[in-house]
Amino acid sequence: MEHRPVGVFDSGLGGLTAVRELMQLLPGEDIIYFGDTARVPYGSRSPETILKFARQDMNFLCSFDLKAVVIACGTVSTTSLATLQDEYDLPVIGVVEPTAAMAARQTRSGRIGLIATQASIRSGAYERALHRLDGSIQVTGAACPLFVPLVENGRFRPGDVVIETVAREYLRPMKDAGVDTLMLGCTHYPLLHDVIAGEMGPEVTLISSGYAAALALKTLLAERDDLSGAAQGDTSYFVSDTVDGFEQAASLFLRCDLKGMAQQINIEKY
Ligand code: DGL
């Protein structure tokens, strides 16, 4: 048994999709969450800038005594995972391999869709992970750069005409390719689950990168005999911009009142 907390980070709200799953799958774990809300989005930036930000995010989280870190950010996972795994002396899990493995298990037709940020699509990391599992899988990828800013601004509910119009446009290539499985390769996108499911229809299975990463952490901690023995863990929230918008959106998404729970930190110091 191991009582040290798990660190989770993302560029903003998206990593909460992993936190929500972790709370279900591993209710006894303490979680330290960092959302880099002052510098979101990461997905339109260069690999060098993303790595610089990711190192600062890791340095902040590693100021706590952690047992593992989940990079709950597709963009950091697709561009910087191997470097961070080399540089930090604790288990670091990304979202790419777990998401690809889940999609490869799920597909019946071998036609898998991928939506993610520009940096993730450019990296080709999801395709490589899928093809390591099965070289015959056909992948249709599309970058959806407007999704993250819309989610960060609270526009993620079905019935919102702006997000529904943008989603229809972005998802057209997935429908044209006839995918039966769609990887939500950015952790913000599960917040759009209902909008995306409404557009793709019931025949298409959506794979949440946040869920896949949470499940991978559970497996890792169990293998290492590092699960917490506590009945109920605590979650602490840190952000790099003002807390108000984050607390509001996070309360809505996690279905609990987080008012007064988040702390702002200066990420440039790390
Ligand atoms: N949640 C991040 C990801 O998974 C969002 C990226 C961004 O900030 O653009 O890619």
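Residues numbered from 1 in each chain as written. Predicted model: local features only at pLDDT ≥ 70, side-chain atom pairs only at ≥ 80, totals over all residues. Heavy atoms only, no water.

**Concerning the site of the ligand**
Filter applied, for reference: Any residue with a heavy atom lying within 4 Å of a molecule or strand is counted as near it. Distance and chemistry together define a polar contact, namely a pair of N or O atoms within 3.5 Å, with one atom able to donate a hydrogen and the other to accept it when in protein, and with adjacent residues in sequence counting only for side-chain atoms on both sides. Residue burial considers only the protein chains on display, and all accessible areas are found by Shrake-Rupley using a 1.4 Å probe. Buriedness of a pocket was judged along seven lines, with at least five required to meet protein on both sides within 12 Å; pockets are open sets of points on a 1 Å grid over the protein atoms alone, cavities are sets where a 1.4 Å probe fits but cannot get out, and lining residues have an atom within 4 Å of a point. In this scheme, a molecule is assigned to a cavity or pocket if more than half of its atoms are within 2 Å of the grid points. When residues are grouped by polarity, Ala, Val, Leu, Ile, Met, Phe, Trp, Tyr, Cys and Pro land in nonpolar, Asp, Glu, Lys and Arg in charged, and all others, Gly among them, in polar.
Taken together, 14 residues are adjacent to the ligand, and S11, Y42, G43, G74 and T75 come closest. Between an oxygen atom of the ligand and a side-chain N or O atom of T75, the distance comes to 2.6 Å. Take T187: an N or O atom from its side chain is 2.8 Å from a nitrogen atom of the ligand. The fraction of the free accessible surface of the ligand (290 Å²) that becomes covered by protein chains is 99%. Of the pockets mapped on this structure, the ligand occupies the largest cavity. Residue composition of the shell around the ligand, by class: six nonpolar, seven polar and one charged.

**Focus on the sheet that holds strand β6 (residues 138-143)**
Threshold: Any two strands with at least two DSSP bridges between them are considered paired. Numbered from the N terminus, helices here are DSSP runs of H or I no shorter than four residues, and strands are runs of E no shorter than two. Only the stretch in contact is used when fitting a helix axis, every axis being a line fitted to C-alpha atoms; angles between N-to-C directions are given from 0 to 180 degrees.
Taken in spatial order, the four strands line up as β6-β5-β7-β8 in an open sheet, and their pairing is parallel. Both edges of this open sheet fall to β6 and β8 (205-208), since each of them pairs with a single strand only. Between one strand and the next, the sheet's axes are offset by a mean angle of 20 degrees, whatever the strand orientation. Alignment of strand β5 (residues 111-116) against β6, held across six bridges, turns out to be parallel. By the bridge assignment, G113 is partnered in β6 with T140.

**With respect to the pairing of strand β1 (residues 6-10)**
In plain terms, the rule: Using a 1.4 Å probe on the protein chains alone, a residue whose accessible area is under 20% of its type maximum counts as buried, one over 50% counts as exposed, and one in between counts as partly exposed.
Of all five residues making up β1, five are buried, and the element is well covered by its neighbours. Going residue by residue along β1, you find V6, V8 and D10 tucked away on one face and G7 and F9 tucked away on the opposite face as well. Relative to strand β2 (residues 31-35), β1 runs parallel, the two sharing five bridges. Across the sheet, the residue bridging to D10 is G35, located in β2.

**Things to note about the sheet that holds β2**
Strands sit in the order β4-β3-β1-β2-β9-β10 across an open sheet of six strands; the sheet is parallel. The open sheet has two edge strands with one neighbour each: β4 (92-93) and β10 (262-264). Across four bridges, β1 lies against strand β3 (residues 68-71) in parallel orientation. If you follow V6 over to β3, its bridge partner there is A68.

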